[in-house]
Amino acid sequence: RTLRARQLLMSAGDTVSSVFTVLSGWAFRFKVLPDGHRRILSYYIPGDFLATEALLNPHVNFSIEALTDMSLCVFDRDKLLALVDENRALRQKVIYLCSRKLESLDNRIAYIGTRPAGEKLAHFFMHFYGRLVRKGLIAGDRFELPLRHEHIADTLGLTSVHVSRTLSELKRAGLIEIQNHAIHILDQPSMLMLAGLDSDYLSKAYAERKAS
């Protein structure tokens, strides 16, 4: 299945009969709060299993929107569940994917709720850096991040103005460059320190990629 940028794949309240893997493109999962504000919960990149939550409950309480044009591999939910029940290795893989996702969300929520804006943005960028490395989607210290300021703001609980100001501070500090949605990490050690990540975070990501 293909989606155009900004097209909804599913909306909160839907009952879904399919789950997906991302072949190309980016998407994000979000909720709209009672006050009308959007909160972005997670992002999907090529290779990700999309909407794993729907395997447990077909009545979704979140929405998913294509961030860019996308191509998806579609799986019938009931048939996939039957296959998972029959195949122990596949069942363990699905459990692993769900646990990794939950761990990542828990870590992000715990971090962004207590840190200044500069640290939040550094963590956000380096987290994506590590994800892209593990997927084999990046080599070097420059990567595409097709997000607007409003997406970053709705992810980190900031305003777009605050995001813009903080990005300017990171650039003035010589930590990053941004051009046409491409992020160039100029000082990896300083960015990792600011992000609160171990100095070998990226080395571990490359090792995981090689092992897979």
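Since the structure is predicted, the reported quantities are computational estimates derived from the model, not experimental observations.

Let's talk about the overall build of the chain
(1) Moving on: Looking only at helices and strands, the chain features eight helices and eleven strands.
(2) Moving on: Relative to the compact-globule value of 17 Å for 212 residues, the chain shows a C-alpha radius of gyration of 18 Å, a close match.
(3) Moving on: With the C-alpha coordinates of the chain rotated into their principal frame, the extents come out at 55 × 45 × 30 Å.
(4) Moving on: In the chain, which comprises 212 residues, the share counted as buried stands at 43%.
(5) Moving on: When the accessible surface of the chain is totalled, it reaches about 11400 Å², and 53% of it is carbon and sulfur.
(6) Moving on: Of the charged side chains in the chain, 28 are positive and 23 negative; the average position of the first set lies 1 Å away from that of the second.

Some thoughts on the sheet that holds strand 2 (residues 8–10)
Within a beta sheet, neighbouring strands are joined by backbone hydrogen bonds and run either parallel or antiparallel to one another.
(1) Moving on: Taken in spatial order, the four strands line up as 2-7-4-5 in an open sheet, and their pairing is antiparallel. Looking at the sheet topology across the chains shown, the edges are occupied by strand 2 and strand 5 (38–44). Pairwise comparison of adjacent strand axes, ignoring direction, gives a mean angle of 30 degrees for this sheet.
(2) Moving on: The pairing of strand 4 (residues 27–32) with strand 7 (residues 63–66) spans four bridges and is classified as antiparallel.

As for helix 5 (residues 149–156)
Since the α-helix advances by 3.6 residues per turn, residues separated by three or four positions end up pointing in the same direction.
(1) Moving on: For helix 5, a buried count of six out of eight residues is recorded, marking the element as mostly surrounded by other parts of the structure.
(2) Moving on: Immediately downstream of helix 5, the backbone of Gly157 shows phi near 75 degrees, a positive value.

As for the packing of aromatic side chains
Within a pair of aromatic rings, the relevant descriptors are the distance that separates the centres and the angle that separates the planes.
(1) Moving on: Within this structure, the stated rule accounts for nine aromatic pairs.
(2) Moving on: Plain terms: the ring middles of Tyr43 and Phe128 are 5.4 Å apart, the flat faces sit at 65 degrees to each other, and that makes the pair edge-to-face. With Tyr43 in strand 5 and Phe128 in helix 4 (residues 117–134), this pair connects stretches of sequence that are 85 residues apart. Accessibility classification places Tyr43 together with Phe128 in one group, the buried group.
(3) Moving on: Measuring from ring centre to ring centre gives 6.1 Å for Phe124 and Phe125, while their planes differ by 55 degrees; the resulting arrangement is tilted.
(4) Moving on: By relative accessible area, which is 5% here, Phe124 ends up buried.
(5) Moving on: Positioned above the aromatic ring of Phe62, the side-chain terminus of Arg29 is 5.1 Å from the ring centre.

A look at the pattern of salt bridges
(1) Moving on: One pass over the structure, following the stated rule, counts eleven salt bridges.
(2) Moving on: Between Glu53 and Arg29 there is a salt bridge, with the nearest N and O atoms lying 3.7 Å from each other. With Glu53 in helix 1 (residues 53–56) and Arg29 in strand 4, the pair connects residues that are 24 residues apart, well separated along the chain.
(3) Moving on: Classification of Glu53 by relative accessible area gives partly exposed; the value is 24%.
(4) Moving on: We classify Arg29 as buried; its relative accessible area is 8%.
(5) Moving on: The salt bridge involving Glu119 is made with Arg115; its shortest N-O contact spans 3.7 Å.
(6) Moving on: When salt bridges with common partners are traced through the structure, they connect Arg38, Arg148, Glu150 and Asp154 into a single cluster.

Things to note about the environment of Gly140
(1) Moving on: By the secondary structure assignment, Gly140 is in the loop between helix 4 and strand 9 (142–144).
(2) Moving on: Gly140 sits 17 residues away from His123 along the chain, and the two C-alpha atoms are 18 Å apart.
(3) Moving on: In this structure, Gly140 is in contact with Tyr129 and Tyr206, ignoring residues within four places of it in sequence.

Topic: the layout of surface pockets
(1) Moving on: Its volume calculated, the largest pocket comes out at about 1400 Å³.
(2) Moving on: Along the walls of the largest pocket sit 40 residues, with Asp48, Arg100, Lys101, Ser104 and Arg131 positioned nearest its centre.
(3) Moving on: Of all the secondary structure elements, the ones that give two or more residues to the lining of the largest pocket are strand 3 (18–24), strand 5, helix 3 (88–112), helix 4 and helix 8 (201–211).
(4) Moving on: For the lining of the largest pocket, the element with the highest residue contribution is helix 3, accounting for 15 residues.

Calculation criteria
- Residues numbered from 1 in each chain as written.
- Predicted model: local features only at pLDDT ≥ 70, side-chain atom pairs only at ≥ 80, totals over all residues.
- Heavy atoms only, no water.
- Helix = DSSP H or I, 4+ residues; strand = E, 2+ residues; numbered from the N terminus.
- Rg over C-alpha atoms; globule rule 2.2 N^0.38 Å.
- Buried < 20%, exposed > 50% of the residue type's maximum accessible area, 1.4 Å probe, protein only.
- Areas by Shrake-Rupley, 256 points an atom, 1.4 Å probe, with all protein chains shown as cover.
- Lys, Arg positive; Asp, Glu negative; His and termini not counted.
- Charge placed at Lys NZ, Arg CZ, Asp CG, Glu CD.
- Pairing = 2+ DSSP bridges.
- Axes fitted to C-alpha atoms, helices over the stretch in contact; angles between N-to-C directions.
- Phe/Tyr/Trp six-rings, centres within 6.5 Å; stacked < 30°, edge-to-face > 60°.
- Lys NZ or Arg CZ within 6 Å of the ring centre and 35° of its normal.
- Salt bridge = Lys/Arg side-chain N within 4 Å of Asp/Glu carboxyl O.
- Contact = heavy atoms within 4.5 Å.
- 1 Å grid on protein atoms, 1.4 Å probe; cavity = no way out; pocket = protein on both sides within 12 Å on 5 of 7 lines; lining within 4 Å.
- Points joined across faces, edges and corners; volume = space filled by probe spheres on them.

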